[in-house]
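An overview of the molecular structure
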Amino acid sequence: MTTTQTTPSGQPQATSSKRRWPIWLFRLTSTIATVLAFDQAVFAGQFLSGSYGALHLHRDTATYTVAAIAASIVTATLWRLAGAGPRWPLPASIVLLILTALQTWLGYQLILAVHIPLGVTVIVLLLALTAAAWRKIR
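Residues numbered from 1 in each chain as written. Predicted model: local features only at pLDDT ≥ 70, side-chain atom pairs only at ≥ 80, totals over all residues. Heavy atoms only, no water.

1. A few points about the overall build of the protein
Going by this rule: Counting from the N terminus, the helices are DSSP H or I runs at least four residues long and the strands are E runs at least two residues long. For every residue, the accessible area (1.4 Å probe, protein chains only) is compared with the maximum for its type, and the residue is labelled buried under 20%, exposed over 50%, or partly exposed between those bounds. Whether two residues touch is decided by their heavy atoms; if any such pair falls within 4.5 Å, the residues are in contact. The accessible surface values rely on the Shrake-Rupley method and a 1.4 Å probe; as for residues, cover is taken only from the protein chains in view.
A count of helical and extended segments in the protein gives four helices and two strands. Traced from its N-terminal end to its C-terminal end, the protein shows the element sequence β-β-α-α-α-α. Within the protein, the proportion of its 138 residues that are buried is 34%. The long-range share in the protein, meaning contacts at least 24 apart out of those at least 6 apart in sequence, stands at 60%. When the accessible area of the protein is evaluated, it comes to approximately 8200 Å², of which 71% is carbon and sulfur surface.

Right, here's the structure in full:
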């Protein structure tokens, strides 16, 4: 099965549906990262409500979130190299990895005045990235 895409110069180009598999990997990794980031907010709220075990879940999930975003970088690269993907997912994923790594460091340093608003920002950006990934790609 083939689909038609447009090249950067605006010319139609037939692409194999087999080359579309990287988008599904990118969608999967970005969705996982977004869910994990939302979990971070839940675990932080549980900790603040007195469930002290949630702090360990919050800490551990930070590692998984960074790993999921790193996987998004790999899948965005695969998507682009397959010739089927746009350019924006790769730099967007790299920026999110940097922000999430900074977010994790700020949490370990207990700089909560920056950690909390940056966490909200990361969640919003991940949600935007994931929503964009799930839109129909032309």
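2. Some words on unusual backbone geometry
We note that Leu110 has phi near 60°; this positive angle belongs to a residue other than glycine. By the element assignment, Leu110 lies in the loop between α3 (89-108) and α4 (112-134).

3. Description of the packing of helix α1 (residues 21-48) against α4
Formally: Note on method: axes are straight lines fitted to C-alpha atoms, helices fitted across the in-contact stretch only, with angles between N-to-C directions ranging 0 to 180 degrees. Here the angle decides the label: under 35 degrees means roughly parallel, over 145 means roughly antiparallel, 65 to 115 means roughly perpendicular, and every other value means oblique. Should the near helix be turned counterclockwise from the far one by less than a right angle, the crossing is left-handed, whereas a clockwise turn marks it as right-handed. Three categories are distinguished: nonpolar for Ala, Val, Leu, Ile, Met, Phe, Trp, Tyr, Cys and Pro, charged for Asp, Glu, Lys and Arg, and polar for the others, with Gly belonging to the last.
Contact geometry for α1 and α4: axes closest at 9 Å, N-to-C directions at 155°. Considering the angle they form, α1 stands roughly antiparallel to α4. α4 is crossed by α1, and the crossing has left-handed handedness. Contacts from Ile23, Trp24, Phe26, Arg27, Ser30, Thr31, Ala33, Thr34, Ala37, Phe38 and Ala41 in α1 reach Ile123, Leu126, Leu127, Leu129, Thr130, Ala133 and Trp134 in α4. Looking at the contact of α1 with α4 residue by residue, the classes come out as 13 nonpolar, four polar and one charged.

4. Here's the deal with the side chain of Gln40
Within the secondary structure layout, Gln40 lies in helix α1. Residue class for Gln40 comes out buried when judged on its relative accessible area of 12%. Setting aside residues up to four positions removed in sequence, Gln40 forms contacts with Leu57, His58, Thr61, Ala62 and Thr65.

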